Amino acid sequence: MTTTSAEGLQRRLSLRDLIVSGLLFIGPLAPVGVFGVLDARSGGAVALVYVVATVAMAFTAWSYARMSAAVPKAGSVFAYASAGLGRAPGFVAGWMIMLDYLFIPSVASLFVGIATNSLVPQVPVWLATGLAIVVVTALNLTGVKVAAIVGTVVLVVEIVLLAVFVVAALVVLATEGPARPWLSPLTGVDAFAPLAVLGAVSVAVLSFLGFDAIASFAEENTGSSRQVGRALLFCLALSGVLFFVQTYLASLLNPLTPQELALDADAQDSAFYDMLRASLGGWLAVAVTAVKAVAPAFSAMVAQAAVSRLLFGMARDGQMPAALGRVDRRAHVPRNATLLAAVVTLIVSVWAASAEDGLEVLSSMVTVGALTAFVLLHASVIGYFAVSGRERRVSTVVVPVVGALIAAVVLATASPLALSVGAVWLAIGLITYFARSRTAGQAAE
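The name that an unreviewed UniProt entry assigns to the protein is APC family permease, with the source organism given as Saccharopolyspora elongata. In its Subcellular location (unreviewed entry) section, UniProt records this for the protein: "Cell membrane".

Quick look at the structure:
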């Protein structure tokens, strides 16, 4: 059954649609790009790194689940922080998560351009990047159901490819044996190094960024307010399992030692693909590259839809221009907010494609924005439930405090560039907030 909220957003997304959106945003093959970095940093214990990272992110997923059930609004962390902490912290939370949702489409589209160019060098990176943005924008403007159907097809292809890798890896391991000890993906190759593992976790948690975007579709969910939380927790658990399996097998088949990878940054970037070529054949490496050339576009599609709902929610609350709070009567999507997100993504992506450090700058924006918003998310749980007296359980304090500490620790390990970008973005946001508040106050007088 399809229903429409008072604001015009249409309730058409089932539990399955929400899960598909979350998995598309994360990407079942997310560890491929960082496998070599994690292998070098952890001494070979990549599978253990993802186990710890999954547990660490579970605290954030719990807080999202609690707040999405209590405050089922399209603004996601903006709505939660506003309800639990107040108007100003809510704006800051929305402004910072905007770095995540607004620039992840740029990062994902740029990945599409880079991968496409590696397969077809005649196609410039900027052109492939721009075409990806046009396609995902068109899908988002047609409505959430069409985008969900297309996303489901892409996700199935990704999972089938991952299944092919798992089967091929098991066959090679059964016939030829592993290149490393069987338990090394959990214990390390030479010796177990807890600090090295924890250091690698700070990178691995970034593979999960995006599952929280499910909360942005709270007003388009056909089930109860708790359905969003269930989808969030399921996506995190399933992603953790998929990441563990693929990195465990990849570690066993990797012909290079962690020490060799640590001495060669270029080898770290291509470690997963090199492992595929050396152990399973070039055909699978080509297939993975081809999928990685297409799949990020659909991560961008979900991210663009998420940021449009964020802008819509903030505009409806008077914290963004009113035009962004309008919903298309036919497709029931925030058309103006979607188009604004598309324009920003296009400009930023084309710039990044031509800039030497463009990808690094974009990644910095995404990382700091998400982690800062996560800290405010956890604080909003405490404010909404514990401080207000709505619910005086130990869990409403302990879980968010641990989650906030984890996010803060990971944030502290970010690069100076990332922290600088985040600080500038926060300063712009605060100026914007106080300027709008002052204008609104003068108008009221």
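Enquirer: What is the right way to read the nonpolar core from this model?
Expert: Across soluble globular proteins, nonpolar side chains show a tendency to be buried alongside one another. Counting residues in each nonpolar core, the largest one holds 141 residues, and the members touching the most others are Tyr64, Met98, Tyr101, Phe103, Phe165 and Leu276. The element that contributes the greatest number of residues to this core is helix 14 (residues 282-316), accounting for 17 residues. If we skip the residues at most four places from it in the chain, Leu276 touches Phe165, Gly281, Leu284, Ala285 and Val288.

Enquirer: Help me understand the packing of helix 10 (residues 226-253) against helix 13 (residues 271-279) in this model?
Expert: Geometrically, a packed helix pair is captured by the angle between its two axes and the distance between the axes. In contact at an axis separation of 10 Å, helix 10 and helix 13 are set at 60° when each is read in the N-to-C sense. In terms of their interaxial angle, helix 10 and helix 13 are classed as oblique. In this structure, the crossing between helix 10 and helix 13 has a hand that is left-handed. Judged by residue contacts, Gln246, Ala250 and Leu253 of helix 10 engage Phe272, Met275 and Ser279 from helix 13.

Enquirer: Just checking my understanding: could you explain unusual backbone geometry for this structure?
Expert: We note that Ser76 has phi near 55°; this positive angle belongs to a residue other than glycine. Unusually for a residue other than glycine, His332 sits at a positive phi of about 60°. Position of His332 among the secondary structure elements: in the loop between helix 14 and helix 15 (335-354).

Enquirer: Looking at this model, I keep getting lost on the packing of aromatic side chains. Mind explaining?
Expert: The geometry of an aromatic ring pair is captured by two quantities: the separation of the ring centres and the angle between the planes. Overall, the coordinates contain 16 aromatic pairs when judged by the stated rule. Judged by centre distance (6.3 Å) and plane angle (65°), the rings of Tyr50 and Phe208 are edge-to-face. With Tyr50 in helix 3 (residues 46-70) and Phe208 in the loop between helix 9 (194-204) and helix 10, this residue pair connects regions lying 158 residues apart in the sequence. Looking at Phe208, the relative accessible area reads 0%, which means it is buried. Clustering of aromatic rings is evident, with ring pairs tying together Phe91, Trp95, Phe103, Trp425, Tyr433 and Phe434. Above the ring of Phe385, the side-chain terminus of Arg66 is found at 4.4 Å from the ring centroid. The aromatic ring of Tyr384 is capped on one face by Arg390, whose charged end is 3.9 Å from the ring centroid.

Criteria and cut-off values
- Residues numbered from 1 in each chain as written.
- Predicted model: local features only at pLDDT ≥ 70, side-chain atom pairs only at ≥ 80, totals over all residues.
- Heavy atoms only, no water.
- UniProt positions renumbered as here; feature names shortened; annotations may be inferred.
- Core = buried A, V, L, I, M, F, W, Y, C linked by side-chain atoms within 4.5 Å.
- Buried < 20%, exposed > 50% of the residue type's maximum accessible area, 1.4 Å probe, protein only.
- Helix = DSSP H or I, 4+ residues; strand = E, 2+ residues; numbered from the N terminus.
- Contact = heavy atoms within 4.5 Å.
- Axes fitted to C-alpha atoms, helices over the stretch in contact; angles between N-to-C directions.
- Parallel < 35°, antiparallel > 145°, perpendicular 65-115°, else oblique.
- Left-handed = near helix turned anticlockwise from the far one by under 90°.
- Phe/Tyr/Trp six-rings, centres within 6.5 Å; stacked < 30°, edge-to-face > 60°.
- Lys NZ or Arg CZ within 6 Å of the ring centre and 35° of its normal.

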